Amino acid sequence: MGIAVGIDLGTTNSCVARFANDRCDIIVNDLGNRTTPSIVAFNNKERLFGDVAKVQMALNPANTVYDVKRLIGRRFADPEVRHDMKHLQYKVFEQNGKPMVEVKFKEELKVFSPEEISSMILGKMREVAETSLGERVTDAVVTVPAYFNNSQRQATKDSAKMAGLNVLQIINEPTAAAITYSMNKVDHTKSKQIVLIFDLGGGTFDLSLLTINKGVFRVMTTAGDTHLGGEDFNSRLVNHFIAEVERKTRKDLTGNLRALRRLRSACERVKIRLSSSTEASFQIDCLFKGFDLDTSITRTKFEELCDDLFKITMNLTQKVLENARIDKSQINEIVLVGGSTRIPKIQNLISTYFGKKPNHSVNPDEAVAYGAGVQAAILSGDSSALIQSVDLRDVTSLSLGVKNYSGLMTTLIPRNSVIPIKVTKRFTTHRDHQTVVSFSVFEGDRAQSKDNNFLGKCIMSNFPPASRGVPSFAVTFDLDIDGILNVSAIDRSTGKSQEVAIDYYKKRSSQDEIYRMIAESKMYKEEDEAVVARVNAKVDLEKYLYFLKNSFNPRSTNNISYFEQQILEKEIEDSELWLQDSQAASQNDFVAHHKALKSVADPIMFKEIPEVRIRAEADTEILCEGANSVEEVDLTCA
């Protein structure tokens, strides 16, 4: 039987860990290193991975693939992909809307998807673990940035499957780091702590605000930027020195891939040295057309070059606290994760903002893999007392729901719900004899669906026509442990089912959009409540009219006089005409008209139908709108 490990699939470096015998160990690779560069190189004879691939990058830039995590699960047209392509030495092109990588391997041009490249890196990490442990690795917990969307998470999961791994869970990187912090530094007998995980790595930036209470982890909120990290700081240095070379030589080296690769590698080393020195110098012999680059840069200049990027990290930090309605004074610890948190300016900004020094108790390069290793042990049934108290609970960033026939959003999974969660709700039709209904899926917290983010649509068709309210559809939202949403609908009369077709590469809301949507839901709360009240008043009138029309039959009426029949028919006809002409009426108008109609109709209907039935049927929740052409369909819900 195979064993389970935790894998930190990083932009720049990857790391693998295993928990066994009451301890979690980082597994070293074949060169004795505890992290492995997330790089795959291709040449005329073989594929190279990790440190070996990194060493030959300057000699083989066009066939050495790195930073592929920034491409996985994205569309080629995404602005982030277009931006990254400017800094990649290998070829990236479009195929069916996806970014694809082209390299030369064994004298032939080969095309790989980002998922395939990632699977090669994961396969290497699996090999590292198997070589060190002498056992077969079958299961893994794989980490992703907290702000990876549905497509990026699913793509990462697919990559792991390609590498022959059974994915126990896709876990957010800062959450994994929180497990590491808790395992090493938290007294689980103490009361609740509020911890901010500040994770600035090679290619992504993540923030997670968590509560840790006697081993129970609850993610309060997350924030981040999937395109902010050490590589971006490297790019600022590269651009700085490209400009310096151009000033000195009046020549542009941006078209020389080998020169760019050598310069980027040197800039990465300079950046690292500036974390411990106030100035760093370097030389690159024969960098470009016989030109030797001999230069230096100060830490102050480096901080100036990256100042706007550093400020983004603090702006997001402020936003995550505002989103959680937490004052910075309430934070017990700020835990630093990711190699880029070694930059002194980052640490100074954090200290200044919070008024205290951040926590350096975990290894920033290994904390994510360590936490993933612990979670892998928990999910595989390890009985160690050290991990029995660990209970991880992640939450949703936005509410998830469907659009009802009145245009409002019916929420199935509220924002900040603990993941995993599965919710089923019953819907029915809004019109008589419908044979098609559609369920439009949205995320957001505004009352009206149009103000939220559309995710996809599930269409049910060819079910037997029936009166409004008779068909019954069970709609299920299943948000799994990996944060991936699956939506299905079942026609309860026929058993026919359909899954929502959410575009695999459609972006869900970015962190900025989520902040905007949450802020707007608060800003427009009163306005939204007024809209809901108005729509509900209109719906109540419509339902009561429908009840009257379907319950009153002059031919079979025994207790109602002809004069009363005429009055009731006239009231129903007038009310229908009023509704048609008063779609924009106010809540008070709908309520007043409803009240006036009931004052006339109820005394007459009581003679034919018991009062209790009138109230029960008039209050029946309807509602799934539809029509006999898909284009006309809107979902409705109760």
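Attention in this report is confined to the structure presented alongside it. Because the structure is a prediction, the values reported are computed rather than measured.

### Here's the deal with the overall build of the protein chain
Scanning the protein chain from terminus to terminus reveals 17 helices and 28 strands. Counting contacts in the protein chain only where the partners sit at least 6 residues apart, residues at least 24 apart contribute 68% of the total. Only carbon and sulfur atoms are counted for the fraction: they give 46% of the accessible area of the protein chain, which is about 27,900 Å².

### Some thoughts on empty space enclosed by the protein
For the coordinates displayed, the defined rule picks out four cavities of 30 Å³ or more. In this structure, the largest cavity spans a volume of roughly 130 Å³. Taken together, 14 residues make up the lining of the largest cavity; nearest its centre are T12, I39, Y66, E231 and E268. Partitioned by chemical class, the residues of the lining of the largest cavity number four nonpolar, four polar and six charged.

### What about the sheet that holds strand β22 (residues 418–419)?
Spatial ordering of the open sheet is given by β18-β13-β14-β15-β19-β22, a layout of six strands whose pairing is mixed. Edge positions in the sheet fall to β18 (333–337) and β22, since each has one partner strand and no second. Judged from the five bridges that link them, strand β13 (residues 193–200) and β18 form a sheet pairing that is parallel. The residue bridging F198 from the neighbouring strand is L336, located in β18.

### Some remarks on the packing of helix α3 (residues 114–133) against helix α4 (residues 150–162)
Packing of α3 against α4 brings their axes to within 8 Å, and their N-to-C directions diverge by 55 degrees. When the axis of α3 is compared with that of α4, the two are oblique. Considering the relative orientation of α3 and α4, their crossing is right-handed. Of α4, the residues touching α3 (which contributes E115, E116, S118, S119 and L122) are A155, T156, S159, A160 and M162. Residue classes in the contact of α3 with α4 are distributed as four nonpolar, four polar and two charged.

### Here we look at the pattern of salt bridges
When their charged atoms lie close together, side chains carrying opposite charge are able to pair. According to the stated counting rule, one finds 25 salt bridges in the structure shown. For E130, the salt bridge identified is with R126, shortest N-O distance 3.2 Å. Taken together, the residues span about one helical turn, with E130 and R126 both in helix α3 at a distance of four residues. R126 gets classed as buried once you look at its relative accessible area, which sits at 16%. Where K570 meets D574, a salt bridge forms, and the shortest distance between an N and an O atom there is 2.6 Å.

### Some points on the environment of F42
Tracing the chain through its elements places F42 in strand β5 (residues 40–42). The exposure class assigned to F42 is buried, which follows from its relative accessible area of 1%. Once residues lying within four places of it in the same chain are set aside, the contact partners of F42 are R47, N60, N63, V65, V103, K104, F105, F112, I117 and M120.

### Considerations on the sheet that holds strand β26 (residues 473–479)
What the four strands build is an open sheet, ordered β23-β26-β27-β28; its pairing is antiparallel. Of all strands in the sheet, those bounded by a partner on one side alone are β23 (421–427) and β28 (497–499). Put simply, the sheet's adjacent strands are angled 20 degrees from each other on average, direction ignored. Bridge count between β23 and β26: seven bridges; the pairing is antiparallel. Looking across to β26, one finds that K425 is bridged to V475.

### Some points on the layout of surface pockets
Within this model, the second largest pocket holds a volume of roughly 650 Å³. In this structure, the second largest pocket is lined by 32 residues; those nearest its centre are N13, G202, G339, S340 and D365. When residues of the lining of the second largest pocket are traced back to their parent elements, those giving at least two are β2 (13–20), α6 (230–249) and α7 (257–273). Here the residues of the lining of the second largest pocket sort into six nonpolar, 16 polar and ten charged. Both of domain 1 (3–228 + 307–393) and domain 2 (230–306) provide at least three residues apiece to the lining of the second largest pocket.

### Points about the side chain of R126
Of the polar contacts made by the side chain of R126, one reaches the backbone oxygen of V137; its length is 2.9 Å. At 3.0 Å, the side chain of R126 and the backbone oxygen of A163 are in polar contact. Non-local contacts of R126, meaning those with residues more than four positions away in its chain, are made with R136, V137, A163, G164 and L165.

### As for the packing of aromatic side chains
Taken as a whole and assessed by the stated rule, the structure comprises 13 aromatic pairs. Residues F241 and F282 carry aromatic rings whose centres are separated by 5.0 Å and whose planes lie at 90 degrees to one another, so their mutual orientation is edge-to-face. Of this pair, F241 sits in helix α6 while F282 is found in strand β16 (residues 279–288), placing the two residues 41 residues apart along the sequence. In this structure, F241 and F282 share a single accessibility class: buried. A ring pair is formed by Y353 and F354, whose centres lie 4.9 Å apart and whose planes are at 90 degrees; its orientation type is edge-to-face. We classify Y353 as partly exposed; its relative accessible area is 21%. Judged by its relative accessible area of 10%, F354 falls in the buried class. Among the aromatic residues, ring-to-ring pairing joins F427, F439, F463 and F473 into one connected group. In this arrangement the basic side chain of R261 is found over the ring face of Y66, its NZ or CZ atom lying 5.0 Å from the centre. Geometry around Y353 places K328 over its ring, the cationic atom sitting 4.4 Å from the centre.

Parameters at a glance
Residues numbered from 1 in each chain as written. Predicted model: local features only at pLDDT ≥ 70, side-chain atom pairs only at ≥ 80, totals over all residues. Heavy atoms only, no water. Helix = DSSP H or I, 4+ residues; strand = E, 2+ residues; numbered from the N terminus. Contact = heavy atoms within 4.5 Å. Areas by Shrake-Rupley, 256 points an atom, 1.4 Å probe, with all protein chains shown as cover. 1 Å grid on protein atoms, 1.4 Å probe; cavity = no way out; pocket = protein on both sides within 12 Å on 5 of 7 lines; lining within 4 Å. Points joined across faces, edges and corners; volume = space filled by probe spheres on them. Nonpolar A, V, L, I, M, F, W, Y, C, P; charged D, E, K, R; others polar. Pairing = 2+ DSSP bridges. Axes fitted to C-alpha atoms, helices over the stretch in contact; angles between N-to-C directions. Parallel < 35°, antiparallel > 145°, perpendicular 65-115°, else oblique. Left-handed = near helix turned anticlockwise from the far one by under 90°. Salt bridge = Lys/Arg side-chain N within 4 Å of Asp/Glu carboxyl O. Buried < 20%, exposed > 50% of the residue type's maximum accessible area, 1.4 Å probe, protein only. Domains from an automatic or database assignment. Polar contact = N/O pair within 3.5 Å; in protein donor to acceptor, adjacent residues only side chain to side chain. Phe/Tyr/Trp six-rings, centres within 6.5 Å; stacked < 30°, edge-to-face > 60°. Lys NZ or Arg CZ within 6 Å of the ring centre and 35° of its normal.

All quantities given are derived from atomic positions and should not be read as evidence of function.
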